[in-house]
Amino acid sequence: MDAVWDVAIVGAGVAGLSAARELRHAGRSVLVLDKGSRVGGRVSTRAVGGARFDTGAQFFTALAPEFVAAVEAAHHDGAVAHWYDRAPRRDGHRNLAVWRGADGNAALPRWLADSLVDADEVAIHTGVRVTSVAQDGGRYRLTADAPDLPDVHARSVLLTPPVPQALELLAPSFESTATAELAEFTYHPCLALLVGLSEFPVGVFNEHGFRRPDSPAIEWIADNVTKGVSTAAEDVAAALTVHSSATFAVEHLSHDDSSVIDAMSDALRSVMSGTGIRDSRDAGRVQLKRWRYARPVEFCADRYAEVAPRLLMAGDTFAGPRVEGAFLSGLNAARRLIAEAVS
Ligand SMILES: Cc1cc2nc3c(=O)[nH]c(=O)nc-3n(C[C@H](O)[C@H](O)[C@H](O)COP(=O)(O)OP(=O)(O)OC[C@H]3O[C@@H](n4cnc5c(N)ncnc54)[C@H](O)[C@@H]3O)c2cc1C
């Protein structure tokens, strides 16, 4: 491909897609590349057997007008649904709607991507891992591990993977104070166990279908059936997403799947004791998803980072460790690139 794109975006998570949308509105040509098989990144829904599980982000909230507008438009199109309202906080904060994807949270990034497919000047390629970004004259050249995709040339680049992964892509010539500061950013990992139960565990969840147990190993359990993401089937009465604590994930990340599943099953069994479920493995299908970079430990007050002229980094590290933060970071980085091209 000899074309020079206005902007090449690495990552089709919420930050990358939000940026692509804004750039498209401003008439820019945009190429989005993601190594995953689907768009969404850490907003991911997996089908296992007859059940559906949100594996990463469990819900999203919207406060900033730009994200509220996007969520309301997605709601209007049937891509997202209201899950429940958060109780008012003691500080008097108003009730906050808690949203979920209509058939799992991946519906939100899918909706963002679908709103781009009609645009001639936008392309999204999944299953393409970018391996390097280098300067090439006054432009940037991206190399990917996809045999069918020749090097990509772009006037501007936006990197949206978690910061350590984004830094790995940069040629040594980009080393600067900015990259040294970015190299300090770290992330909490999380291990997600997906469990299909043939029997509903009575007394485990609140009315909305989740629980934050008092457990050193498990931070969150949600039933995707009660949540409305998965339908119940004959052999699936409950479809649990079980998120480990960060401490547990740090201790177990390097262990093989079978020992992680055993350890999480033990922890789950103690959380669910008295519910009739003896062991997640007794109960049905079990899968494990590893999130090495689940959530940023520290985050940056700036909405994006400028690594070099027209080479930016965005993502939840820059505007808050949430879906909304990722959306706003992508949006602001796109606006910066748009302003740069105009000035
Ligand atoms: C377990 C878990 C629970 C969470 N719970 C919540 C929650 O309840 N509510 C909430 O608001 N937020 C939650 N979050 C956080 C939320 O998911 C993130 O803040 C948000 O999705 C980050 O989006 P992003 O676009 O910044 O990054 P990502 O979603 O990580 O997107 C980056 C993309 O870059 C791609 N990529 C990486 N390297 C390359 C490469 N070399 N080449 C091509 N592509 C590449 C990845 O495949 C990925 O798709 C949770 C996250 C996790 C993991």
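Residues numbered from 1 in each chain as written. Predicted model: local features only at pLDDT ≥ 70, side-chain atom pairs only at ≥ 80, totals over all residues.

**Describing the environment of H25**
Here's step 1: Turning to its location among the elements, H25 is positioned in helix α1 (residues 14-25).
Here's step 2: Look at H25 and you get exposed, because 11 C-beta atoms sit within 10 Å.
Here's step 3: Each C-alpha atom, one on H25 and one on A119, is 9.7 Å from the other, the two residues being 94 residues apart in sequence. (Helix = DSSP H or I, 4+ residues; strand = E, 2+ residues; numbered from the N terminus. Buried ≥ 20, exposed ≤ 12 C-beta atoms within 10 Å, placed from the backbone.)

**Examining the domain arrangement of the chain**
Here's step 1: For the chain, the assigned domains read domain 1 (4-46 + 60-185 + 298-342) and domain 2 (187-296).
Here's step 2: Just the C-alpha atoms count here: the centres of domain 1 and domain 2 sit 28 Å apart.
Here's step 3: Counting residues at the interface gives 18 residues for domain 1 and 10 residues for domain 2.
Here's step 4: Sorting elements by how many residues they give to the side of domain 1 that touches domain 2 places strand β5 (residues 80-86) first, with 3 residues. (Domains from an automatic or database assignment. Contact = placed C-beta atoms within 7 Å.)

**With respect to the site of the ligand**
Here's step 1: Near the ligand you find 39 residues, and of these G11, G13, G41, P161 and G315 are the closest.
Here's step 2: Elements with a minimum of two residues in the shell around the ligand: α1, β2 (30-34), β11 (187-197), β15 (286-296) and α11 (323-342).
Here's step 3: Residues that form the shell around the ligand fall into these classes: 20 nonpolar, 12 polar and 7 charged. (Near = placed C-beta within 6 Å. Nonpolar A, V, L, I, M, F, W, Y, C, P; charged D, E, K, R; others polar.)

**Concerning unusual backbone geometry**
Backbone phi values are negative for most residues with the exception of glycine, while trans is the configuration of most peptide bonds.
Here's step 1: One non-glycine residue, R310, adopts positive backbone phi at about 65°.
Here's step 2: Assignment of secondary structure puts R310 in the loop between β16 (305-308) and β17 (311-313).

**Focus on the sheet that holds strand β13 (residues 218-223)**
Here's step 1: On the basis of which strands lie adjacent, the open sheet formed by 5 strands has the order β12-β13-β14-β11-β15 and antiparallel pairing. In this open sheet, the two strands that pair with only one neighbour each are β12 (210-211) and β15.
Here's step 2: Looking at chain direction, β11 and strand β14 (residues 238-244) are connected through 6 bridges and run antiparallel. Paired with A192 across the strands is H243, a residue of β14. (Pairing = 2+ DSSP bridges.)

**Things to note about the pairing of strand β10 (residues 152-159)**
A regular strand places its side chains on the two faces of the sheet in alternate fashion.
Here's step 1: Of all 8 residues in β10, 6 are buried; the element is thus mostly enclosed.
Here's step 2: Summarising the sheet, strand β1 (residues 4-10) and β10 pair through 6 bridges and their orientation is parallel. When the sheet's bridge partners are listed, V4 is paired in β10 with H153.
Here's step 3: Alignment of strand β9 (residues 139-144) against β10, held across 3 bridges, turns out to be antiparallel. Bridge pairing in β10 links R141 to H153.
Here's step 4: Looking at chain direction, β10 and β17 are connected through 3 bridges and run parallel. Counted as the bridge partner of V157 is L311 from β17.

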